[in-house]
Amino acid sequence: MHSDLIVKTAAFVKESLENAESGHDWWHTERVWKNARLLLRSEDANHLVVELAALLHDIADSKFHNGDEEIGPKTARKFLQSTGVEEDVVFHVEQIIRHMSYKSGLGEVRYSSREMEIVQDADRLDAIGAIGIARAFTYGGYKNRTLYDPSIEPKPLQSKEEYKNSTAPTINHFYEKLLLLKDKMNTSAARRIAAGRHEFMERYLEEFFGEWQGEK
């Protein structure tokens, strides 16, 4: 039954995200799902909850719905209830989607579970490394943000509201989030993977600034 539910959920998400911004589309979701399954190999957790939450975590991202942070959890709940899945699973997945985002962690932490930590790690791994760099600039272009402006200093210690309302250049996002993620991983497997991706981002930034200054 569970395998059928996973297949049905994946099909629902793929169809729902057909026209999504490419950094938050089905391919992002699929990568997060794969990351979650990889982490589950070495973690003791409810596999069904983890896979469902990974698949549904960006079903309606607040960034693309006027900042509405409830539309994602509500959409996931409505879908899961339509499948007849147990209420405790629905509730757990809903809570993970509501509380797993980076910006949610900038305020008071109101919910936590091992399953959420795994999905959170899986999502954060897709925000760093080569793909993370590509996603950052894709979203920056989508929002028509400048690549870099030396006059605008990064603000690495932001409140949730500051983070949500930021219009800073894309390079600043590395210092305000991406380079901070390595030390925020919850699982040992994610920390190992993150170390290599973090190093790649550091090398990229060194190259970027060398080219910006005309030194390379």
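Residues numbered from 1 in each chain as written. Predicted model: local features only at pLDDT ≥ 70, side-chain atom pairs only at ≥ 80, totals over all residues. Heavy atoms only, no water.

**Student:** Give me the overall build of the protein: which residues, what numbers.
**Tutor:** Helices and strands together make up the secondary structure of the protein, namely 10 helices and zero strands. Put simply, the protein runs from its N terminus to its C terminus through helices and strands in the order α-α-α-α-α-α-α-α-α-α. A compact globule built from 216 residues would reach a C-alpha radius of gyration of about 17 Å, and the protein, at 18 Å, matches this within 12%. In terms of principal-axis extent, the alpha carbons of the protein reach across some 60 × 35 × 35 Å. The 216 residues of the protein split such that 49% are buried. Long-range contacts, defined as pairs at least 24 residues apart, comprise 64% of the intrachain contacts of the protein with a sequence gap of at least 6. (Helix = DSSP H or I, 4+ residues; strand = E, 2+ residues; numbered from the N terminus. Rg over C-alpha atoms; globule rule 2.2 N^0.38 Å. Buried < 20%, exposed > 50% of the residue type's maximum accessible area, 1.4 Å probe, protein only. Contact = heavy atoms within 4.5 Å.)

**Student:** Kindly report on the pattern of salt bridges, identifying the contributing residues and their values.
**Tutor:** One pass over the full model with this rule turns up 12 salt bridges. For D126, the salt bridge is made with R31, and the minimal N-O distance between the two is 2.7 Å. Here D126 is found in the loop between helix 6 (114-125) and helix 7 (129-142), whereas its partner R31 is found in helix 2 (residues 26-40), with 95 residues between them in sequence. Accessibility expressed as a relative area gives 2% for D126, which makes it buried. The salt bridge partner of D183 is K182, with a shortest N-O separation of 3.1 Å. For D183, a relative accessible area of 64% corresponds to the exposed category. (Salt bridge = Lys/Arg side-chain N within 4 Å of Asp/Glu carboxyl O.)

**Student:** Let's hear about unusual backbone geometry: which residues, and what values?
**Tutor:** Positive phi, close to 55°, is recorded for N144, a residue that is not glycine. Note on placement: N144 falls in the loop between helix 7 and helix 8 (160-165).

**Student:** Report on the packing of helix 7 against helix 10 (residues 188-212), specifying residues and quantitative values.
**Tutor:** For the pair helix 7 and helix 10, interaxial distance at closest approach is 8 Å and the crossing angle is 55°. With respect to each other, helix 7 and helix 10 are oriented oblique. In contact with G129, A130, I133 and F137 of helix 7, helix 10 contributes R197, F200, M201 and Y204. Classifying every residue of the contact of helix 7 with helix 10 by side-chain character gives six nonpolar, one polar and one charged. (Axes fitted to C-alpha atoms, helices over the stretch in contact; angles between N-to-C directions. Parallel < 35°, antiparallel > 145°, perpendicular 65-115°, else oblique. Nonpolar A, V, L, I, M, F, W, Y, C, P; charged D, E, K, R; others polar.)

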